[in-house]
Amino acid sequence: QVQLVESGGGLVQTGGSLRLSCATSGRTFINIGWFRQAPGKEREFVALRWRRGSNTYYTDSVKVRFTISRDNDRNTVVLQLDNMKPEDTAVYYCAAGDRLLLSQIYQRDAYDYWGQGTQVTVSS
């Protein structure tokens, strides 16, 4: 059974940091990404580390502030959130796809498996 489990969410002040983890089990995924969904908004792409070549991809609003990394031995993907802003408040999800293409990484419909999400709240 495939499982993706996020952890590390919480409440932080503006300018603070959080470290989110996504632990996978049941199989090994080549590419795992992070999305987020704020109240009343659509789920949006945040970051992904492409395993082939180890390139990383971020939505513009989090570039420089967020860092995605991967621990292959533990099948875990980590999203480090620094210099956080109130607009980062959302439920953060990790997601994986069976046949994810590089051209599709920003599309939530391209992902087959999702975690349950972890709440991140940034106070002003």
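The structure contained in this document is the topic of the report that follows. Note that the coordinates shown come from a computational prediction; the quantities given were computed from them, not determined experimentally.

### Overview of the overall build of the protein
No. 1: Check the secondary structure of the protein and you find zero helices and eleven strands.
No. 2: Listing every helix and strand of the protein by position from the N terminus yields β-β-β-β-β-β-β-β-β-β-β.
No. 3: In terms of C-alpha radius of gyration, the protein reaches 13 Å, essentially the compact-globule figure of 14 Å for 124 residues.
No. 4: Expressed along its principal axes, the backbone C-alpha trace of the protein runs to roughly 40 × 30 × 25 Å.
No. 5: A total of 124 residues make up the protein; the buried ones form 42% of that total.

### Details of the sheet that holds strand β7 (residues 66–71)
No. 1: The four strands lie next to each other as β1-β3-β8-β7, forming an open sheet whose pairing is antiparallel. Looking at strand neighbours, the two that pair on one side only are β1 (3–7) and β7, the edges of this open sheet. Sheet twist, expressed as the average angle between the axes of neighbouring strands with direction ignored, equals 15 degrees.
No. 2: Where β1 lies against strand β3 (residues 18–25), five bridges are found, and the strand directions are antiparallel. Each bridged residue has a counterpart across the sheet, and for V5 the counterpart in β3 is A23.

### Structural notes on the state of the cysteines
No. 1: Taken as a whole and assessed by the stated rule, the structure comprises one disulfide.
No. 2: Two residues share a disulfide in this structure: C22 and C94, whose sulfurs sit 2.1 Å from each other. Where C22 bonds to C94 through sulfur, the torsion about that S-S bond is close to 65 degrees, and the disulfide is right-handed. Linking C22 in strand β3 with C94 in strand β9 (residues 90–96), this pair joins segments that are 72 residues apart in sequence.

### As for the pairing of strand β11 (residues 118–123)
No. 1: Burial along β11 is one-sided: T118, V120 and V122 are buried, while Q119, T121 and S123, pointing the other way, are not.
No. 2: Relative to β11, strand β2 (residues 10–13) runs parallel, the two sharing four bridges. Across the sheet, the residue bridging to Q13 is S123, located in β11.

### Details of the packing of aromatic side chains
No. 1: Throughout the structure, instances matching the rule amount to six aromatic pairs.
No. 2: Plain terms: the ring middles of Y111 and W114 are 6.0 Å apart, the flat faces sit at 55 degrees to each other, and that makes the pair tilted.
No. 3: Since its relative accessible area comes to 4%, Y111 is described here as buried.
No. 4: Here W114 falls in the partly exposed class, since its relative accessible area comes to 27%.
No. 5: Counting every residue linked through ring pairs, the aromatic cluster contains F35, F45, Y93, Y106, Y111 and W114.
No. 6: Above the ring of Y93, the side-chain terminus of R43 is found at 3.7 Å from the ring centroid.

### Comments concerning the environment of V5
No. 1: Among the structural elements, V5 can be located in strand β1.
No. 2: Take V5: its relative accessible area is 39%, and that puts it in the partly exposed class.
No. 3: Spatially, the C-alpha atom of V5 lies 10 Å from that of V77, the residues being 72 residues apart in sequence.
No. 4: Among all residues touching V5, those that are not within four sequence positions of it are S21, C22, A23 and Q116.

So, how was this worked out
- Residues numbered from 1 in each chain as written.
- Predicted model: local features only at pLDDT ≥ 70, side-chain atom pairs only at ≥ 80, totals over all residues.
- Heavy atoms only, no water.
- Helix = DSSP H or I, 4+ residues; strand = E, 2+ residues; numbered from the N terminus.
- Rg over C-alpha atoms; globule rule 2.2 N^0.38 Å.
- Buried < 20%, exposed > 50% of the residue type's maximum accessible area, 1.4 Å probe, protein only.
- Pairing = 2+ DSSP bridges.
- Axes fitted to C-alpha atoms, helices over the stretch in contact; angles between N-to-C directions.
- Disulfide = S-S within 2.5 Å.
- Phe/Tyr/Trp six-rings, centres within 6.5 Å; stacked < 30°, edge-to-face > 60°.
- Lys NZ or Arg CZ within 6 Å of the ring centre and 35° of its normal.
- Contact = heavy atoms within 4.5 Å.

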